[in-house]
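Per-entry structural report
Spelled out, the chains give:
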Amino acid sequence: MLRLIDTHAHLHDKAFDSDRDAAIERMRSAGVATAITVGCDLADTLRAVEVAHKYELYASAGIHPHEAKDAPADIWAAFRPFLKNDRIVAIGETGLDYYYDNSPRDVQQRVLRAQIAIARDANLPLIFHHRDAFEDFVSILRAEWRPGMRGVVHCFTGDTPQAKTYIDEFELYLGIGGIVTFKTAQLIRDAVVATGIDRLLLETDSPYLAPVPHRGERNEPAYVAVTAQYVAELLHMTLAAVASRSTDNAKTLFKIT
Ligand SMILES: [Zn+2]
Ligand SMILES: [Zn+2]
């Protein structure tokens, strides 16, 4: 039996309200032992914690760049109740999204910096969401990063030089999801091959971004096994090796057992 981990899902999302029990059963039948259900704002993080408790999953506390415009003035105080919660294993998702620009860029930057500071202080890893903002994202990391900090660039969609920057400068992991299976994703595949299994995590970002052959359907954590099989072929590894190595990476990053 595989023991995969879906390191980035939104299982508390309303997209799962009608069949969450069944989706989690399918996840475990597919060899996916657990998942991190990721918070996108404070109310969403509360739901993530509830679902994580109910189903023995993990959760993260974060304010997504899309929601940064509604962040409280005192972000630190708002996060404090979550930091002691035994289900919370990370801060995020947080980052910069200049593709959608749903929040003003200066606000996205302020809210990202605040969450990096919280993670630094609480000694928690960060789950980063980044799209079309590489220069600003890396310059904020350069200013805020300290030795010993940990994190993942989830839903990695960059190229090989970007992957190299994340890994060489910050020792980040790359979160690989369904996009890697898309026809148009050759640059991502090249970066995955150049990076190798040591720095890869597997994720779905459920309910979004289902891998081929489920593209366009609602994504769910069971499909992390589809992406694992795809990555195994890409790296000329067995599925079992990809599962055990990526799971070891996730356990190291999030300090879970
Ligand atoms: Zn994201
Ligand atoms: Zn997400």
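Residues numbered from 1 in each chain as written. Chains lettered and ligands numbered in written order. Predicted model: local features only at pLDDT ≥ 70, side-chain atom pairs only at ≥ 80, totals over all residues. Heavy atoms only, no water.

**So, unusual backbone geometry**
With glycine set apart, most residues show a phi of negative sign, and most peptide bonds adopt trans. We count it as follows: By definition, any uninterrupted DSSP run of H or I lasting at least four residues is a helix, any uninterrupted run of E lasting at least two residues is a strand, and each is numbered from the N terminus.
Residue G92 is joined to E93 through a cis peptide bond whose omega torsion reads 15 degrees. By the secondary structure assignment, E93 is in strand β4 (residues 88–97). With an omega dihedral of 10 degrees, the bond running from S206 to P207 counts as a cis peptide bond. Of note, P207 is situated in the loop between β8 (200–202) and α8 (224–234). In this structure, C155 takes a positive phi of about 50 degrees despite not being glycine. For C155, the position within the fold is in the loop between β6 (151–153) and α6 (160–170). Located in the positive-phi region is L209, a residue other than glycine, with phi close to 60 degrees.

**Some words on the pattern of salt bridges**
Rules: By definition, a salt bridge exists where a carboxyl oxygen of Asp or Glu is found within 4 Å of a side-chain nitrogen of Lys or Arg. Here the term buried applies to any residue with accessible area under 20% of the maximum for its type, exposed to any over 50%, and partly exposed to those in between, with areas from a 1.4 Å probe on protein chains only.
Summed over the entire model, instances satisfying the criterion amount to 12 salt bridges. Here R245 ties to D198 by a salt bridge, and the two come within 2.5 Å at their closest N and O atoms. Placement of the pair is R245 in helix α9 (residues 239–254) and D198 in the loop between α7 (186–195) and β8, with a sequence separation of 47 residues. In this structure R245 comes out as partly exposed when scored by relative accessible area, which is 36%. For D198, a relative accessible area of 48% translates into the label partly exposed. Linked through salt bridges whose partners overlap, the residues forming this network are D19, R26, R218 and E220.

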